[in-house]
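One letter stands for each residue in the lines below.
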Amino acid sequence: MAYNGFAIDEYLDANKVNEDLTVLMKSPIYSIKPEALKDYVENYFEKKCQRSKELIEKAKTVIPGGVQHNLAFNYPFPIVITKAKGNKLYDIDGNEYFDLLQAGGPTIIGSNDDVVKNKVIELLNTCGPSTGLFHEYEYKLAQKIKECVPSVEKFRMLGSGTEACMCALRIARLYTKHKNVVKMGGAYHGWSDSLAWGLRIPGTKNIKSEGIPKFVFKHTQEFLPNDLKSLEHVLRLNRLKGGTAAVYIEPIGPESGTWPVTKEFVKGCERLAHKYGALLVCDEVVSGFRIGLGGAQAYYGIKPDLTIFGKIIAGGYPGAGGVGGSEKVMAHLGAGLDSSGKKIKKALCGGTLAATPISCVAGYTTICEIEKRNACEVAGRMGDRLCKGLQALIKKYSLPFVCFNTGSVIHLDTVATMHYKIDWGKLWTVPNVLKQTSKRQKVMEHMGAAYMAEGIITLAGNRLYTSAAYTEEDIDEVLRRFEKVFKNCVCIEPEELIKYNEKLKKKNKQAQEKAAEAQALAEAAKKEAAKAQAASEKIGQTLY
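Presented here is an overview of the structure given in this document. (Residues numbered from 1 in each chain as written. Predicted model: local features only at pLDDT ≥ 70, side-chain atom pairs only at ≥ 80, totals over all residues. Heavy atoms only, no water.)

1. A few points about the overall build of the protein chain
From N to C terminus, the protein chain includes 16 helices and 16 strands. Computed over its C-alpha atoms, the radius of gyration of the protein chain comes to 27 Å, within 12% of the 24 Å expected for a compact globule of 544 residues. Projected onto its principal axes, the C-alpha positions of the protein chain cover 105 × 70 × 45 Å. Restricting the contact set of the protein chain to residue pairs at least 6 apart, pairs at least 24 apart contribute 75%. When the accessible surface of the protein chain is totalled, it reaches about 25900 Å², and 54% of it is carbon and sulfur. Within the protein chain, the 60 negative side-chain charges are centred at a point lying 5 Å from the centre of the 75 positive side-chain charges. (Helix = DSSP H or I, 4+ residues; strand = E, 2+ residues; numbered from the N terminus. Rg over C-alpha atoms; globule rule 2.2 N^0.38 Å. Contact = heavy atoms within 4.5 Å. Areas by Shrake-Rupley, 256 points an atom, 1.4 Å probe, with all protein chains shown as cover. Lys, Arg positive; Asp, Glu negative; His and termini not counted. Charge placed at Lys NZ, Arg CZ, Asp CG, Glu CD.)

Dropping the structure here:
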């Protein structure tokens, strides 16, 4: 499929990427030179970001950690942004950055878009941001989503993706009358109690869920990404434990595709969910209206029972969350009777600032502009250009990094932190996994700081989002800045590098010896075959 309105031209080889990430995970760590990092801290952050540092110090006296949003935590200190426009961000000290963070993904047509902004201002001048009562844009947004996403017949707007994920689970339990929810290991479906299981990397269980009692997860399980046998194993066991109400997936892979999946896997999740009487819940908080107008589900050719929306459906404005699905499933969000006259139980769901006029007008206008500008494809083309450029730079500087993308969602893995998994059947390996992920997280922070000092803002130093506000010239300039960082990257574990090279040399020698042995056996077999042929011919001559 050559784009055709989607963000994807040629789909990645998920198995090959995962193999490359496994190699990276086992390799010695490469990162920015310590002296180069020190130079960035002293001559960029300390000298050119003084007002940011001062304000963050003040903020720490009244805000835990100094910031209100997890994405704002950056090494050596958070940067204070005062202006956003198109594909650029500007900080309080006047520094300019290319925006590859995009607030975590919602600004696919660019930040502070004039068309959307003017519609919002028009609404503020008349209705105001919120009334608590119905507004026409609630209908317009729901109708637009229904037109774009074939699986959605009805849509309910909520305050966030987390709320939408919570709500979808309640709907699924009421509709199926089953108890359990199964999610992909490492996937993030918000921070509600039941779904805060197996976060960031597969197998973490409740390690990342401090403050939540373990009994809350009695009916929550996870399965390995790209592994249908793992999913079916869990579904089969759940038959004895109250059945499965929902199978949650991020169609492009957990954590926005950090662990890429095959198309066959995505289709298989749909098939298995329905085989075991569960609803397929597609979390399209990131991929919705980014991979295509019909979401990633339209690209993969699946029809989920429920779809989670967020981010783009409010165009970067507050109140971005929603759940949509078929009329019979979504009936559990409305009061009334079913076709047989039986009363339908209503899922507990609410929110004072859900579906505000400001979020609905921003969302509706944004989706209309995405459609007009073919923004999903444009952003995807820019993502492809950036990914290919980064791959070329990685090769040029002989770095072990892995770069891959699903359209406008690009992953630049320098240490493969998110590719680890915890195997509780091998308890002795768990401490090292936790140690490695913690150490590599720090390396990601250092790389993110280097990028920022060169005028590039990323998500955690390893995820990049392109928007339709980028041009080819912009991407080429971004690549020039990445190159400044890459040329200063070295192995920061010299002893490990020596061990790794010796291990590799030994492995190559063993492979050569095996190849030579196989060659010798083949030659011997060839000689024996020639002898047999000669003997056969001699016997034939004797007989005749």
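2. Re the pattern of salt bridges
Evaluated as defined, the whole model comprises 24 salt bridges. For Glu96, the salt bridge identified is with Lys88, shortest N-O distance 3.3 Å. Residue classification places Glu96 among the partly exposed residues on the basis of a relative accessible area of 37%. Where Arg385 meets Asp476, a salt bridge forms, and the shortest distance between an N and an O atom there is 3.1 Å. (Salt bridge = Lys/Arg side-chain N within 4 Å of Asp/Glu carboxyl O. Buried < 20%, exposed > 50% of the residue type's maximum accessible area, 1.4 Å probe, protein only.)

3. Focus: the environment of Gly334
Counting through the fold element by element, Gly334 comes out in the loop between helix 11 (327-330) and helix 12 (357-373). By relative accessible area, which is 27% here, Gly334 ends up partly exposed. Expressed as a C-alpha distance, the spacing of Gly334 and Arg156, which sit 178 residues apart in the sequence, is 9.9 Å.

4. A closer look at the nonpolar core
Formed by 90 residues in total, the largest nonpolar core has its most connected members in Ile249, Leu386, Phe482 and Phe486. Among the elements that make up this core, the one with the highest residue count is helix 14 (residues 430-453) (eight residues). Leaving out residues up to four positions away in the same chain, Phe482 has contacts with Leu100, Leu386, Leu390, Leu393, Leu412, Tyr451, Ile456, Thr458 and Leu464. Listed in part, the 28 residues of the second largest apolar core include Phe155, Phe309, Ala375 and Ala379. (Core = buried A, V, L, I, M, F, W, Y, C linked by side-chain atoms within 4.5 Å.)

5. Structural notes on the side chain of Asn18
Note that Asn18 resides in helix 1 (residues 14-26). Given a relative accessible area of 10%, Asn18 falls into the buried group. Beyond its immediate stretch of four places on either side in the chain, Asn18 contacts Asn226, Trp259, Pro260 and His419.

6. Overview of the sheet that holds strand 3 (residues 88-91)
Pairing within the open sheet is mixed, and its four strands lie in the order 2-3-4-14. With partners counted over all chains shown, the strands left at the sheet margins are strand 2 (81-85) and strand 14 (456-457), one partner each. Bridge analysis of strand 4 (residues 96-99) against strand 14 gives two bridges, and the strand direction is parallel. Directly across from Asp99, in strand 14, lies its bridge partner Ile457. Sheet strands in contact with helix 15 (residues 472-486) are strand 4 and strand 14, and its direction is about 110° off that of strand 4. (Pairing = 2+ DSSP bridges. Axes fitted to C-alpha atoms, helices over the stretch in contact; angles between N-to-C directions.)

7. Brief notes about the packing of helix 14 against helix 15
Between helix 14 and helix 15, the least distance of the axes is 9 Å, while the angle of their chain directions is 130°. The angle between helix 14 and helix 15 falls in the class oblique. In this structure, helix 14 meets helix 15 at a crossing whose hand is right-handed. In this structure, helix 14 uses Met447, Ala450 and Tyr451 to contact helix 15, whose residues at the interface are Phe482, Val485 and Phe486. Here the contact of helix 14 with helix 15 is built from residues that sort into six nonpolar, no polar and no charged. (Parallel < 35°, antiparallel > 145°, perpendicular 65-115°, else oblique. Left-handed = near helix turned anticlockwise from the far one by under 90°. Nonpolar A, V, L, I, M, F, W, Y, C, P; charged D, E, K, R; others polar.)

8. Quick word on unusual backbone geometry
In this chain, Tyr75 is followed by Pro76 through a cis amide linkage whose omega measures 0°. Here Pro76 shows up in the loop between helix 3 (50-59) and strand 2. If you check the backbone angles, Phe289 has positive phi at about 65° while not being a glycine.

9. Comments concerning the pairing of strand 7 (residues 220-223)
Taken residue by residue, a regular strand's side chains alternate between the two faces of the sheet. Of the two faces of strand 7, the one carrying Thr220 and Glu222 and the one carrying Gln221 and Phe223 are both buried. Pairing of strand 6 (residues 180-184) with strand 7, which is carried by four bridges, proceeds in the parallel orientation. Following the sheet pairing, Val182 is matched in strand 7 by Gln221.

10. Here's the deal with helix 15
Over its 15 residues, helix 15 extends 21 Å from the first C-alpha to the last, a length consistent with the 21 Å expected when each residue adds 1.5 Å. Those residues of helix 15 that sit buried are Asp474, Ile475, Val478, Leu479, Arg481, Phe482, Glu483, Val485 and Phe486. (Expected span 1.5 Å × (residues − 1).)

11. Describing the packing of helix 2 (residues 34-48) against helix 14
Packing of helix 2 against helix 14 brings their axes to within 10 Å, and their N-to-C directions diverge by 45°. Here helix 2 is positioned oblique relative to helix 14, judged by the angle of their axes. Remark: the crossing between helix 2 and helix 14 carries left-handed chirality. Contacts between helix 2 and helix 14 involve Leu37, Tyr40, Tyr44 and Phe45 from the former and His446, Ala449, Ala450, Met452 and Ala453 from the latter. Counted by class, the contact of helix 2 with helix 14 contains eight nonpolar, one polar and no charged residues.

12. Topic: the sheet that holds strand 13 (residues 409-413)
Reading across from one edge, 12-13-15 is the order of the three strands in this open sheet, with antiparallel pairing throughout. The open sheet has two edge strands with one neighbour each: strand 12 (402-406) and strand 15 (463-465). Neighbour-to-neighbour, the strand axes of the sheet open up by a mean angle of 20°, direction not taken into account. Each of strand 12 and strand 13 is contacted by helix 1, which is oriented at about 150° to strand 12, the strand it contacts most.

13. Thoughts on the environment of Glu493
When you line up the elements, Glu493 lands in the loop between strand 16 (489-491) and helix 16 (494-543). Owing to a relative accessible area of 16%, Glu493 belongs among the buried residues under this scheme. Residues Glu493 and Tyr30 lie 463 residues apart in sequence; the distance between their C-alpha atoms is 7.6 Å. Within the local environment of Glu493, its side chain forms a polar contact with the backbone nitrogen of Ile29, the two atoms lying 3.0 Å apart. (Polar contact = N/O pair within 3.5 Å; in protein donor to acceptor, adjacent residues only side chain to side chain.)

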